[in-house]
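Coordinate inspection notes
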Amino acid sequence: MNPKEYRYTQEHEWVCPESGKVGITDYAQSQLGDVVFLDLPAPSTQVEQFKKMGEIESVKAVSDLFAPVSGEVLEINQIAIDEPGLVNQNPCGDGWLARLKLSKISELDALMDSDKYDEFIARSGEEDSE
Amino acid sequence: MKPLKKTPFNKVHHGLKARMMDFGGWDLPVWYTSILEEHKAVRSRAGMFDVSHMGRVWVTGKDAGAFLDRMLTKSVQRLEIGSGQLCLLCLENGGILDDLYVYHLGIEQYLVIWNASNIEQKLEWLFRWLDPDADITIKDNSSNTVMLAVQGPAVCRLKNLEGLSYLPRFSITQTKVGDLSALAARTGYTGEDGFEIITDAANALPLWESFIEQDVKPCGLGARDSLRLEAGMMLCGHDMDTYSNPFEVGLGWLVDLEKGDFIGENALLEIKRQGVSRKLIGFQMNGREIARSGYKIFKSGQEVGQVSSGGYAPSLGIGIGLGYVPIEMATVGTGIEIMIRNKLTPARIANRRFYKRGESSESQGI
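Report follows, based on the coordinates. (Residues numbered from 1 in each chain as written. Chains lettered and ligands numbered in written order. Predicted model: local features only at pLDDT ≥ 70, side-chain atom pairs only at ≥ 80, totals over all residues. Heavy atoms only, no water.)

Residues and elements named next belong to chain B. Within the open sheet, the six strands sit side by side as S10-S11-S12-S9-S3-S13. Their pairing is mixed. Where the open sheet ends on each side, the last strands, each with one partner, are strand S10 (172-177) and strand S13 (217-218). Bridge count for strand S9 (residues 145-151) against strand S12 (residues 194-200) is seven bridges, and the pairing is antiparallel. When the sheet's bridge partners are listed, Gln 151 is paired in S12 with Gly 194. Strands strand S3 (47-50), S9, S10, strand S11 (180-185), S12 and S13 of the sheet are contacted by helix H5 (residues 204-212), whose axis makes an angle of about 10 degrees with S9. (Pairing = 2+ DSSP bridges. Helix = DSSP H or I, 4+ residues; strand = E, 2+ residues; numbered from the N terminus. Contact = heavy atoms within 4.5 Å. Axes fitted to C-alpha atoms, helices over the stretch in contact; angles between N-to-C directions.)

Next comes the structure, spelled out in structure tokens:
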């Protein structure tokens, strides 16, 4: 369910290297619960890898959104802003958050591929249940 | 860290893979499937909440009524048997220790239902004022009973509750729910019709199952909070506490200054005479932002108060909240700003009853 071509952060964001789209993973949305508000950076904002680029609010809480890579914000997903439930329904597809122009391709090396990310969430799941 | 306390429904919550949280030392569900789904189930049909963490204390004996009347801001001796009412437990300075329900169960028998927080402190407070020679027994039966709140417009159509549809609001009766002996009170914390059912801990699972069989949706603390906030109901410890008094939170109607001597009476008389300087108001956001508890309230750029409860209102699709502002600006319609992520975000003071029963979603048959 985590697309093979994406790269993933330990904070449960994804980036699609080809399109530059970023979003949160299915695991992240399941932890947040119903998303009701997105605070995303305006187009042309520069974001920096692993630095805060916005906030996601669920009914219960506010969470920071960290940029998986550095770059310029080209576009934000207005459909998801208007209907934040999309982030729960399809976090890796229609529920994408922003599209970036990647400024350092080499930053992708610091991210996990889908296999490593699956292992990573399996481990955090074990810690949760302790 | 102390291990979390568990209600007799705990295994059921875990079995349903609920998202659990430490709620004041209790291991309780925040949601089972989704706060929004659970919220909507209660607004449109029926949901149930494990509220066994709340305190259930029986106060009995010849002097029980007089003692409670001395401790509380309203007279419970005047209640007819089978009736209940919301009361406040105040300190000598008028500060609010808790809001609680007292039911007059029978001759010289009262049931107090209070919040889960500070139970030891509250019991200690009661015992401190108790005359050792008085004919009173105070017994906390919280751990050998359970309490399940079944809430929603369809509750009286559930087959094991339909026989209780005669019960007036805030009344209680010893009854059968299905074949289980229970106390049922017509009350709740959601703004919908509903019952709170108290029964022996041994009946927990059959009680739960009897509602599951009728498609009553299990609901967690997340929906409990969003439902009560929409209905403008306060949460003790957030919206009011020992530093606030009944008049500024809009509960002056629960203070009966004519009923005779009670703890806090002198202070409350004085507060009423002087008038309050701040007021707990409801507000709604103008835009889509969400204000949360602890955020600062501004008026024309000046900090004037603080949000005590805030969140998303699923029935309204906007952010709402409760908060304190100076009395002179506490008028419905007044524009205010909430500091959200270093941005002054426009909101306006609104009627605290954001949601009124029967105005939103249509009730569905069962």
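All names here are of chain B. Structurally, Asp 239 can be placed in the loop between helix H6 (221-230) and helix H7 (265-274). With relative accessibility at 0%, the residue Asp 239 sits in the buried group. Within the structure, Asp 239 has its side chain in polar contact with the backbone nitrogen of Leu 235 (distance 2.7 Å). Beyond its immediate sequence surroundings of up to four residues, Asp 239 is in contact with Arg 228, Met 233, Met 234, Val 249, Leu 280, Ser 308, Ser 309, Leu 322 and Tyr 324. (Buried < 20%, exposed > 50% of the residue type's maximum accessible area, 1.4 Å probe, protein only. Polar contact = N/O pair within 3.5 Å; in protein donor to acceptor, adjacent residues only side chain to side chain.)

Okay, the interface of chain A and chain B next. Taken together, the contact between chain A and chain B spans 18 residues of the former and 15 residues of the latter. Summed over both sides, the interface between chain A and chain B buries roughly 1,500 Å², with carbon and sulfur atoms accounting for 50% of that surface. Among the residues chain A hides against chain B, the three largest losses belong to Phe 37, Val 59 and Lys 60 of chain A. Together they make up 38% of the total. In this assembly, chain A and chain B are joined by five salt bridges. One salt bridge in this structure joins Asp 39 of chain A and Arg 341 of chain B, with 3.0 Å as the shortest N-O distance. If you look at where chain A meets chain B, you find 14 residue pairs in polar contact (both at pLDDT 80 or more). Where the side of chain A that touches chain B is concerned, the elements lending two or more residues are helix H1 (26-32), strand S4 (35-39), strand S6 (52-58) and helix H2 (78-82) of chain A. Residues of the side of chain A that touches chain B, tallied by class, amount to eight nonpolar, four polar and six charged. (Buried area = accessible area lost by both parts, 1.4 Å probe. Salt bridge = Lys/Arg side-chain N within 4 Å of Asp/Glu carboxyl O. Nonpolar A, V, L, I, M, F, W, Y, C, P; charged D, E, K, R; others polar.)

All right, on to the pairing of strand S5 (residues 84-90) of chain B then. All names here are of chain B. Taken across its seven residues, S5 has six buried, putting it largely inside the fold. As paired elements, S5 and strand S6 (residues 96-106) share seven bridges and run antiparallel to each other. Bridge pairing links Cys 87 to Leu 100 in S6. From the end of S5 to the start of S6, which pair antiparallel, there are five residues, and Gly 94 there has a positive phi angle of about 90 degrees.

The next subject is empty space enclosed by the protein. Take a probe with the size of a water molecule and roll it over the atoms, and the empty space left behind shows itself. Residues and elements named next belong to chain B. In the structure shown here, the tally under the stated rule is two cavities of 30 Å³ or more. Its volume calculated, the largest cavity comes out at about 40 Å³. Every element with two or more residues in the lining of the largest cavity is listed here: strand S2 (26-31), S3 and H6. Of the residues contributing to the lining of the largest cavity, the split by class is five nonpolar, one polar and two charged. Estimated volume of the second largest cavity: approximately 30 Å³. Contributing to the lining of the second largest cavity are Leu 68, Leu 72, Leu 89, Leu 100, Val 112, Trp 114 and Leu 126. Of the residues in the lining of the second largest cavity, the class split is seven nonpolar, no polar and no charged. (1 Å grid on protein atoms, 1.4 Å probe; cavity = no way out; pocket = protein on both sides within 12 Å on 5 of 7 lines; lining within 4 Å. Points joined across faces, edges and corners; volume = space filled by probe spheres on them.)

As a further point, take the pattern of salt bridges. Residue and element names in this part refer to chain B. Applying the stated criterion across every chain, the model contains 23 salt bridges over all chains. With its nearest N and O atoms 3.7 Å apart, the salt bridge here joins Lys 217 to Glu 37. On the criterion of sequence distance, the pair formed by Lys 217 in strand S13 and Glu 37 in helix H2 (residues 35-44) is long-range, its members being 180 residues apart. The class for Lys 217 is partly exposed, based on a relative accessible area of 21%. Among the salt bridges present, the one from Arg 228 reaches Asp 239, with a minimum N-O distance of 3.0 Å. Taken together, the residues span a long stretch of sequence, with Arg 228 in helix H6 and Asp 239 in the loop between H6 and H7 at a distance of 11 residues.

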